[in-house]
Amino acid sequence: MEDLKLKVVDEFRVGPPPSSRPTTISLPLTLYDLPLLIGTNKYTFKHLFFYAYPHHSLYHFTQTTIPLLKTSLALTLRYFYPYVSNLILPPAPQKPHFLFAEGNSISFIVAQCSGDFDYVTNNHAKEVKLLHSFAPDLPPTHVSSDGTHVGSLLAVQVTLFTDKGICIGTGMSHVVADGRAYHHFVESWALVCRSNGVIEVDKFLMPSFDRNLIEDPNELESKLLKMWHDHNSSSQGRDSLTYDHIYADVVRSEFFMKRNHIEKLKRYIVNNNTHGMANNLSSFVAMCSFVWVCLIKSLETREEDDNYEVCRLGIPVDMRDRITGIPTTYFGNCVPGLFVDVRRSELIAQNGLAVAARAIGNCLEELKTNDASKVAENWVATLSQNSSGSMHLLIVGGSPKFDLYNKDFGWGFPKKVEQLHVRHNISPSKCRDEEGGIRIGIELKRVEMDAFTRLFYQGLRYSLM
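The present account deals with the structure reproduced in this document. (Residues numbered from 1 in each chain as written. Predicted model: local features only at pLDDT ≥ 70, side-chain atom pairs only at ≥ 80, totals over all residues. Heavy atoms only, no water.)

Of the regular secondary structure elements, the chain holds 11 helices and 18 strands. The buried share of the chain, reckoned over its 465 residues, is 55%. Residue pairs at least 24 apart in sequence account for 81% of intrachain contacts in the chain once pairs closer than 6 positions are excluded. Put simply, the chain shows about 19,500 Å² of open surface, and 50% of that area lies on carbon and sulfur atoms. (Helix = DSSP H or I, 4+ residues; strand = E, 2+ residues; numbered from the N terminus. Buried < 20%, exposed > 50% of the residue type's maximum accessible area, 1.4 Å probe, protein only. Contact = heavy atoms within 4.5 Å. Areas by Shrake-Rupley, 256 points an atom, 1.4 Å probe, with all protein chains shown as cover.)

Here's what the structure looks like:
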């Protein structure tokens, strides 16, 4: 592992300007927020934005850049106040909610690193423990006298690399927002920052917090609340986890699929599908199928005894694009999942790629005939099944539509962006170097990553699995 030599220089609290919001605001959790209380609430999801930085002086960094970042963040939090709210988790039968009060603030850490900026930002497998040091964990929840847990939702760390770079890292709870809402927030912060605080968030980009837009005709909220209360009563706890034991020997890599790679895969899938192919053979379907098969095959190289027979792929479905009236700027979680199940023996077979593509394509085709309430109902029904021990689960935690590299705080676009998720999640995003290309980030144990890398590039070269 690269010797980081990272030290904390200072720590602040940053919140919206005084009197810029009502004194208190309570915001309920919707049926799309509640499932994230189960399991993922223990994890801090982290994003890292690395920039070339022309000023190597710690004095300039702390006296000029940090004040600008703090001021612009405070102005941005005025509009994205859920991030500076607390997550309130009361005992049953009360409902969890977000609570903003005037004076709320988030942690803002300033750090300095004498490590090699190029090593951290180049495209090679990097130790996940190293990357996690550039964004803060959320602090453990506070427990009040009545048993209510109170948790923070966002923290920020800005690190100066003394050779030539800077990193803006964030740690957040997924309960408060999905990826689309998060990137809306960061893009808005960058806009305010690069204008030196003169331009505030444009009114057309203002986030929407209208929870009445999320309808629940099947009364799924009550089912989800029961699942959450049952989850807590099983003594699994609510506090954030540390990553030392989770990420031992785990590395993160990014892989790139050019447009011609994707088209080649599509042709291979069609030519090798003997059972008919759904019409929805998109680039997304081809990418998911290819990565899924590569991953499951790479796990065959492990010495561990895998007892699962079924492989499950979780695909996000953004309801902003499906429900009339929900704006693209809706802030919160609005992304239920579709689940595709395929037997492991079929995925690792010679025609596994075609089998995976057909299963994913058919699932997405069925989506066209299901309304929003049916999608949510199927999602909750799947979540309620206690089947985690009998199958391998891979979650798609991103979208090829996400442009991670459009965040300019005033130093140009990022040199590198990292999204740190849970193992065996993949995070696809738009490829910055080629129109129609896809970037895929993934975290695996090193021996698994070696096998995955070999299968990935062999597959792209020969279009054979």
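Glancing now at the pattern of salt bridges. Between side chains of opposite charge, a pair can form when the charged atoms approach closely. Across all of its chains, the model carries 21 salt bridges by this definition. The closest approach of N and O atoms between R320 and D178, which form a salt bridge, is 3.0 Å. With R320 in the loop between strand 13 (310-316) and strand 14 (337-343) and D178 in the loop between strand 11 (165-172) and helix 4 (179-194), this residue pair connects regions lying 142 residues apart in the sequence. Residue K266 pairs with E263 through a salt bridge whose shortest N-O separation is 3.5 Å. Of this pair, K266 and E263 are both found in helix 6 (residues 259-271), 3 residues apart, which corresponds to roughly one turn of the helix. Beyond isolated ion pairs, a larger network of salt bridges with shared partners links D178, R180, D318, R320 and D321. (Salt bridge = Lys/Arg side-chain N within 4 Å of Asp/Glu carboxyl O.)

The next thing to look at is the side chain of D408. Within the element layout of this structure, D408 appears in the loop between strand 15 (391-396) and strand 16 (416-420). Buried and unpaired, D408 has R194 as its nearest opposite-charge partner, separated by 4.7 Å. Within polar-contact distance, the side chain of D408 engages the backbone nitrogen of W411 at 3.3 Å. A distance of 3.0 Å separates the side chain of D408 from the backbone nitrogen of G412, its partner in a polar contact. Sequence-distant contacts of D408, defined by excluding residues within four places in its chain, comprise Y51, A190, R194 and F413. (Lys, Arg positive; Asp, Glu negative; His and termini not counted. Polar contact = N/O pair within 3.5 Å; in protein donor to acceptor, adjacent residues only side chain to side chain.)

Now for the environment of V270. Tracing the backbone shows V270 in helix 6. When its relative accessible area of 47% is taken as the criterion, V270 is described as partly exposed.

Attention shifts here to the packing of aromatic side chains. Scanning all chains against the criterion turns up 26 aromatic pairs. Their ring planes at 55 degrees and their centres at 6.2 Å tell us that F50 and F161 sit as a pair that is tilted. In this pair, F50 sits in strand 3 (residues 45-52) while F161 sits in strand 10 (residues 154-161), placing the two residues 111 residues apart along the sequence. Between Y81 and F100, the aromatic rings sit 5.9 Å apart at their centres with planes inclined by 65 degrees, giving edge-to-face as the arrangement. (Phe/Tyr/Trp six-rings, centres within 6.5 Å; stacked < 30°, edge-to-face > 60°.)

Helical periodicity: at 3.6 residues per turn, an α-helix aligns residues three or four positions apart in one direction. An ideal rise of 1.5 Å per residue puts 22 Å on 16 residues; helix 4 measures up with 22 Å between its terminal C-alpha atoms. In terms of burial, helix 4 is a largely internal element, 12 of the 16 residues being buried. Taken together, the buried positions of helix 4 are A181, Y182, H183, H184, F185, V186, S188, W189, A190, L191, V192 and C193. Its side-chain oxygen placed 3.3 Å from the backbone nitrogen of R180, D178 serves as the N-cap of helix 4. Looking one or two residues beyond helix 4, the residue adopting positive phi is N196, at roughly 60 degrees. (Expected span 1.5 Å × (residues − 1).)

This is a description of form; function is not addressed.
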